Amino acid sequence: MDAPEFERWYWPVESLNEFCKQLGLSASGSKAELRERVLFSLQHPREVQSNLRRKSNSSTFNWAKETLDRDTVITDNVSFGPNVRCFFKSAVGARFTCHSDFMDWMRANAGATLGDAIDAWHVLEQRKNDPSFRREIATCNNYLQYLRDARDKVTGMTLEEAKSCWDFKKIRPARNGIVVFEMSDLTCLE
C-alpha cells in the first residue's frame, strides 16, 4: 500500500498496530501518533522518523503505591489507576467517575493538590445540570464525534441507528482517515 491509499481510509488502532509491526515500527503511543508514524514510513521508506519522541515526565512519584491525601501534589506523571480512583471514591463518594474532562484537568494542573482536584471535579460535575452543556469530544475520537453529529443532524435517530451508519461508513474511503457523517449515510438504514 502506498501513502495516498493509506490516507484514504479510517484505520482502527488494532490495524495501525499491525501496520507498525509489519513495518518494524514502534506500536506505542496514541492512535494519531501511530497513524503519523505509519504514514511517514510509507512516504519515506528508507528514512527513520526521529521527531516523534514523547515528552518525558520529570516526576518519579508512584501513583499506584503511594498513600494519597488531599495535600498530595499532582505531578506530571499522574495516572488514573485503582489507587487514584479509590482515593477519589473515598473522598467524593460512590458517584465519583473519572471522566476525560477530569483527567484533562488533572494533567493540566500539575502542582495543584488532590484537594484542588476534588473541588474541580465538583465544578465539572455541576456543569451537567446546565442543559446547554456538552462535553467536548477529543479530536482522536472519530467514532464518538460521528455518532454525535449523526444524532444532531437527524432528529429522532437512535444510538443503534447511528452505530449502524458508522459501521456502514467506516469501511469506505474517508478523507485523511476521518469518517464524517453525511445525510447519504442514512441509505444503510433502508
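Scroll up for the structure.
Computed from a predicted model, the values in this text were never measured in an experiment.

So, how was this worked out
- Numbering of residues begins from 1 in every chain and follows the order in which that chain's sequence is written.
- Only residues with pLDDT of at least 70 get local features here, since the model is predicted, and only at 80 or more are side-chain atom pairs given and counted; chain-wide, interface and lining totals rely on the full set of residues.
- Water and hydrogen atoms were dropped before computing side-chain values, which therefore reflect all heavy atoms in the structure.
- Helix and strand assignments come from DSSP, with helices taken as H or I runs of at least 4 residues and strands as E runs of at least 2, each series counted from the N terminus.
- Note that the radius of gyration is over C-alpha atoms, with the globule rule given as 2.2 Å times the number of residues to the power 0.38.
- Accessible area is worked out with a 1.4 Å probe on protein chains only. A residue is then buried under 20% of its type maximum, exposed over 50%, and partly exposed in between.
- When checking whether two residues touch, look at their non-hydrogen atoms; a contact exists if any pair is within 4.5 Å.
- Here the open area of atoms and residues is found with the Shrake-Rupley method and a 1.4 Å probe, where only the protein chains shown may cover a residue.
- Under the counting rule used here, the positive set is Lys and Arg, the negative set is Asp and Glu, and His together with the chain ends is not counted.
- Note that the charge is assigned to NZ on lysines, CZ on arginines, CG on aspartates and CD on glutamates.
- Take the number of residues in a helix, subtract one, and multiply by 1.5 Å to get its expected span.
- We call Phe, Tyr and Trp rings a pair once their centres come within 6.5 Å, taking the six-membered ring for Trp, and we label the pair stacked below 30 degrees between planes, edge-to-face above 60, and tilted otherwise.
- Definition used: whenever NZ (Lys) or CZ (Arg) falls within 6 Å of the ring centre and also within 35 degrees of the ring normal, the charge is taken to sit over that ring.
- Whether a set of points on the 1 Å grid over the protein atoms alone is a cavity depends on a 1.4 Å probe fitting there but being unable to get out, while an open set qualifies as a pocket with protein on both sides within 12 Å along at least five of seven lines; lining residues are those with an atom within 4 Å of a point.
- Grid points are joined across faces, edges and corners, and a volume is the space filled by probe spheres set on the points.
- Residues are sorted three ways: Asp, Glu, Lys and Arg are charged, Ala, Val, Leu, Ile, Met, Phe, Trp, Tyr, Cys and Pro are nonpolar, and all the rest, Gly among them, are polar.
- Throughout, an axis means a line fitted to C-alpha atoms (over the contacting stretch in the case of helices), and angles, computed between N-to-C directions, take values from 0 to 180 degrees.
- For classification purposes, an angle smaller than 35 degrees is called roughly parallel, one larger than 145 roughly antiparallel, one from 65 to 115 roughly perpendicular, and anything else oblique.
- If you view the pair so one helix is near and one far, a crossing is left-handed when the near helix is turned anticlockwise from the far one by less than a right angle, and right-handed when it is turned clockwise.
- Nonpolar cores are built from buried Ala, Val, Leu, Ile, Met, Phe, Trp, Tyr and Cys residues. Side-chain atoms within 4.5 Å join them into one set.

*Asks:* Before we go on, may I ask you to explain the overall build of the protein chain in this structure?
*Replies:* A tally of helices and strands in the protein chain yields 8 helices and 0 strands. The helix and strand sequence of the protein chain, counted from the amino end, reads α-α-α-α-α-α-α-α. By the compact-globule yardstick of 16 Å for 190 residues, the protein chain is too spread out, its C-alpha radius of gyration being 21 Å. For the protein chain, the spread of C-alpha atoms along the principal axes amounts to about 50 × 50 × 20 Å. Across the 190 residues of the protein chain, 31% fall into the buried class. Within the protein chain, counting contacts between residues at least 6 apart in sequence, those at least 24 apart form 46% of the total. Carbon and sulfur atoms make up 51% of the accessible area of the protein chain, which totals about 12,100 Å². Looking at charge distribution, the protein chain has the averaged site of its 27 positive side-chain charges lying 2 Å from that of its 27 negative ones.

*Asks:* Help me understand helix 6 (residues 114-126) in this model?
*Replies:* Side chains three or four residues apart in an α-helix point the same way, a direct result of the helix having 3.6 residues per turn. In this model helix 6 runs 18 Å from its N-terminal to its C-terminal C-alpha over 13 residues, within 8% of the 18 Å that 1.5 Å per residue would give. Buried residues of helix 6: Leu 114, Gly 115, Ala 117, Ile 118, Ala 120, Trp 121, Leu 124 and Glu 125, and no others. Its buried side turned inward, helix 6 meets helix 4 (82-92) and helix 5 (100-108).

*Asks:* What is the right way to look at the packing of aromatic side chains in this model?
*Replies:* Within a pair of aromatic rings, the relevant descriptors are the distance that separates the centres and the angle that separates the planes. In total, this model carries 13 aromatic pairs according to the counting rule given. Relative to Trp 63, the ring of Phe 61 lies with its centre 4.7 Å away and its plane at 65°, an arrangement referred to as edge-to-face. Taken together, the ring pairs connect Tyr 10, Tyr 143, Tyr 146, Trp 166 and Phe 181 into an aromatic cluster. Its guanidinium or amino end placed over the ring of Phe 168, Arg 172 lies 3.8 Å from that ring's centre, counting from NZ or CZ.

*Asks:* Where do I start with the layout of surface pockets in this structure?
*Replies:* Gaps left between atoms show up when a probe the size of a water molecule is rolled over them. Roughly 410 Å³ of internal volume is contained in the largest pocket. The wall of the largest pocket is formed by 22 residues, among which Thr 139, Cys 140, Asn 142, Gly 177 and Ile 178 lie closest to the centre. Elements represented by at least two residues in the lining of the largest pocket include exactly helix 3 (31-43) and helix 7 (142-153). Counting residues per element, the lining of the largest pocket draws most heavily on helix 3, at 5 residues. In the lining of the largest pocket, the residues fall into 12 nonpolar, 6 polar and 4 charged.

*Asks:* Would you take a moment to explain the packing of helix 2 (residues 13-23) against helix 3 for this structure?
*Replies:* When two helices pack together, their arrangement is given by the angle between their axes and by how far apart the axes lie. The N-to-C vectors of helix 2 and helix 3 enclose an angle of 40°; their axes lie 10 Å apart at closest approach. By the criterion of interaxial angle, the relationship of helix 2 to helix 3 is oblique. As helix 2 runs across helix 3, the sense of the crossing is left-handed. Of the residues in helix 3, those touching helix 2 at Val 13, Leu 16, Asn 17, Phe 19, Cys 20 and Leu 23 are Lys 31, Leu 34, Arg 35, Val 38 and Ser 41. Its residues assigned to classes, the contact of helix 2 with helix 3 comprises 7 nonpolar, 2 polar and 2 charged.

*Asks:* Can you walk me through the packing of helix 4 against helix 6 in this structure?
*Replies:* Two elements in contact, helix 4 and helix 6, have axes whose closest approach is 11 Å; the angle formed by their N-to-C orientations is 65°. As judged from the angle between their axes, helix 4 and helix 6 are roughly perpendicular. Read as a crossing pair, helix 4 and helix 6 show a hand that is right-handed. Touching Phe 87, Phe 88, Ala 91 and Val 92 of helix 4 are Leu 114, Ala 117, Ile 118, Trp 121 and His 122, all from helix 6. Partitioning the contact of helix 4 with helix 6 into residue classes produces 8 nonpolar, 1 polar and no charged.

*Asks:* Mind showing me how you'd approach the nonpolar core here?
*Replies:* As a rule of thumb, nonpolar side chains are buried together in soluble globular proteins. Grouped together as the largest cluster of nonpolar side chains are 20 residues, with contacts concentrated most on Ile 74, Phe 80, Phe 88, Phe 96, Phe 102, Met 106 and Leu 114. For this core, the elements supplying multiple residues, two or more each, are helix 4, helix 5 and helix 6. With near-sequence residues (within four places) excluded, Met 106 lies in contact with Ile 74, Val 78, Phe 80, Phe 88, Leu 114 and Ala 117. Leu 147, Trp 166, Ala 174 and Val 179 belong to the second largest nonpolar core, which has 12 residues in total.

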